[in-house]
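What the coordinates show
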Amino acid sequence: MSYRIGDVLVGQVTGIQPYGVFILLDDQTQGLVHISECSAGYVEDLHSIVRVGDVVKVLVLDIDEYSQKISLSLRALMNDGPESDFRRKKFFWTNQRTNTGFKPIADAKEQWISEALSFFN
């Protein structure tokens, strides 16, 4: 079976290590949920979150092109954090209340170029 980044899958916990949780996605494919992707806060013991044999829903974060290792997330699908609907939420990199466009960047551009060039002199 082929997986894609962004897929939401159901898998079974097959192993727990200090650095993360191994999830069996199908008969031949296993992925890893790194400890930082298990919960929104600090995790002291992964056994307090999952147990071997648990069936969990995970999100595919990354698939290594060469090794085909799959990085997964439990945290991104939790209902109690801002990550829970990250796939549906629209993020803006600018302030929506002001209509300045690129003017602040244009105003600072010459100074930034000057500062950058001073490093080469």
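You'll find the structure just up there.
Residues numbered from 1 in each chain as written. Predicted model: local features only at pLDDT ≥ 70, side-chain atom pairs only at ≥ 80, totals over all residues. Heavy atoms only, no water.

1. Some thoughts on the overall build of the chain
Regarding its fold elements, the chain presents one helix and five strands. With 121 residues in all, the chain has 25% of them scored as buried. A separation threshold of at least 6 residues defines the contact pool for the chain, and within that pool the share at least 24 residues apart is 53%. For the chain, the computed accessible surface area is about 9,400 Å², with 53% contributed by carbon and sulfur atoms. (Helix = DSSP H or I, 4+ residues; strand = E, 2+ residues; numbered from the N terminus. Buried < 20%, exposed > 50% of the residue type's maximum accessible area, 1.4 Å probe, protein only. Contact = heavy atoms within 4.5 Å. Areas by Shrake-Rupley, 256 points an atom, 1.4 Å probe, with all protein chains shown as cover.)

2. Quick notes on the nonpolar core
Across soluble globular proteins, nonpolar side chains show a tendency to be buried alongside one another. Val21, Ile23, Leu25, Val33, Val58 and Leu72 are the most contacted members of the largest nonpolar core, which totals 18 residues. Breaking this core down by element, the ones donating at least two residues are β1 (8-17), β2 (20-24), β4 (55-63) and β5 (70-73). (Core = buried A, V, L, I, M, F, W, Y, C linked by side-chain atoms within 4.5 Å.)

3. Concerning the pairing of strand β3 (residues 30-34)
Two faces belong to every sheet, and in a regular strand the side chains alternate between them. Every second residue of β3 is oriented toward a common face, the buried set being Gly31 and Val33 and the non-buried set Gln30, Leu32 and His34. Two strands pair when backbone bridges link them, and β2 and β3 are joined in this way by five bridges, in the antiparallel orientation. Among the inter-strand pairings, valine 21 is bridged to a residue of β3, identified as valine 33. Counted between consecutive antiparallel strands, the loop separating β2 from β3 contains five residues. Taken together, the three bridges between β3 and β5 define a ladder with parallel strand orientation. Across the sheet, the residue bridging to leucine 32 is serine 71, located in β5. (Pairing = 2+ DSSP bridges.)

4. Some thoughts on the packing of aromatic side chains
Applying the stated rule across the entire model yields one aromatic pair. With centroids separated by 6.2 Å and ring planes inclined at 90°, the aromatic side chains of tyrosine 19 and phenylalanine 22 adopt a geometry described as edge-to-face. On the basis of relative accessibility, which here comes to 22%, the residue phenylalanine 22 falls in the partly exposed class. (Phe/Tyr/Trp six-rings, centres within 6.5 Å; stacked < 30°, edge-to-face > 60°.)

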